[in-house]
Amino acid sequence: MKTNFFEQISTFAFEGNMLLNIHNDNKGQLTVSVVLRKGEISATAGNTLPPMTIGGTAAELDEGFFTELATPVKQTIGLVNNLETYQKELEKAKNKNTANSKKVKTADEAGDDNDSDEANDLFAQQADDKQAKAEKKRLFDEAMERAKELAKQMKYTEALAQLPDPTDYPEQVETLNKRRKEIQAGKETYDKLTQQFND
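Being a predicted model, the structure only gives us computed values, none of them experimental. Residue numbers run consecutively from 1 along every chain, following the written order of its sequence. Per-residue local features of the predicted model are confined to residues with pLDDT of at least 70, and side-chain atom pairs are confined, for both listing and counting, to 80 or more; whole-chain, interface and lining totals are unaffected and use all residues. The side-chain values count all of the structure's non-hydrogen atoms but skip hydrogen atoms and water molecules.

Trainee: I'd like a rundown of helix 5 (residues 173-198), residues and numbers included.
Mentor: Here a strand is any run of E in DSSP of at least two residues, a helix any run of H or I of at least four, and the numbering for each starts at the N terminus. Here a helix's expected span is defined as the number of its residues, less one, multiplied by 1.5 Å. Taking 1.5 Å per residue, 26 residues should reach 38 Å; helix 5 reaches 36 Å between its end C-alpha atoms and fits that length. Every buried residue of helix 5 is accounted for by Leu176, Ile183 and Gly186. Between buried and exposed lies partly exposed: a residue is buried under 20% and exposed over 50% of the maximum accessible area for its type, with that area taken using a 1.4 Å probe on protein chains only.

Take a look at the structure:
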C-alpha cells in the first residue's frame, strides 16, 4: 500500500528531529503528539517545548492531520530558529566579553595605564549587553504574542508550547505563570465542553 505520509512531512522543511508518539485508546480514538528537536539548542532553551497534540479517529486523522499540523509546526520551527539565532548571538557576546577581559588583564600586567582604552571597552561591553537584552526581550514579546493569538483561536496546546521557558526569563516568571494559568484554564474549559459534546 502506497502512502504519501513522508512526502507530506518533507513539506514542513524542518531541520532536526520530528518525534511522533501515537496513543490509541479503547474507543478508537488516536492521539498523536509531535515534538520538534534541534540538536544545537540547549535543553533549557528549546528542548522543553511541550508537544503539539492532535486527536481523532483514524479516518479523521487521515483526512486532516497535516492541515492541522501545518501552522503549529511552522510556528515551532520559527521559535526554534529564533532560539538558535539567539544562542549563537549570546555565544558571540560571551566570546567577545572574554576576549575583552583578557585584553584588560594583559594591559594591567604590562602596566598599561591607558584609561581611555579601558573606558572604551567598558562602553562596548555595555552596548553588547543592551543589544543582547533587547534581542531577548524581542524574542519574549514575540513568543507571548504568538501564545495569545493561538489561545484566541482555541489552540491551547500550541499556545502553551509558545510560552517561553521561565528559567530563561527569571524576571518574567510571574507574568509567565499567570499567562500559563490563563491558557490552561481555557484549555480545561474547552476540553470539558468538547467531552460533553462528544458524549
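Trainee: Which residues make up the environment of Gly56, and what values go with them?
Mentor: Topologically, Gly56 is positioned in strand 3 (residues 52-56). For Gly56, a relative accessible area of 3% puts it in the buried group. Put simply, Gly56 and Gly28 are 28 residues apart on the chain and 8.4 Å apart in space, counted from C-alpha to C-alpha. The contact criterion used is simple: two residues touch if any of their non-hydrogen atoms lie within 4.5 Å. If near-sequence neighbours (up to four positions away) are discounted, Gly56 is found in contact with Gly28, Gln29, Leu30 and Leu61.

Trainee: Explain the side chain of Arg146 to me, and be specific about the residues and the numbers.
Mentor: Positionally, Arg146 belongs in helix 3 (residues 115-152). The buried charged residue Arg146 lacks any salt bridge, with Glu142 as its nearest oppositely charged partner at 4.1 Å. Leave out the neighbours within four places in its chain, and Arg146 touches Leu79, Asn82 and Gln162. In this count, Lys and Arg are taken as positive residues and Asp and Glu as negative ones, while His and the chain termini are left out. Any carboxyl oxygen of Asp or Glu within 4 Å of a side-chain nitrogen of Lys or Arg constitutes a salt bridge here.

Trainee: Provide a residue-level description of unusual backbone geometry, including the pertinent values.
Mentor: Phi angles above zero are rare outside glycine, and Met154 is one such case at about 60°. Summarising the element assignment, Met154 is placed in the loop between helix 3 and helix 4 (156-162). A relative accessible area of 46% places Met154 in the partly exposed class.

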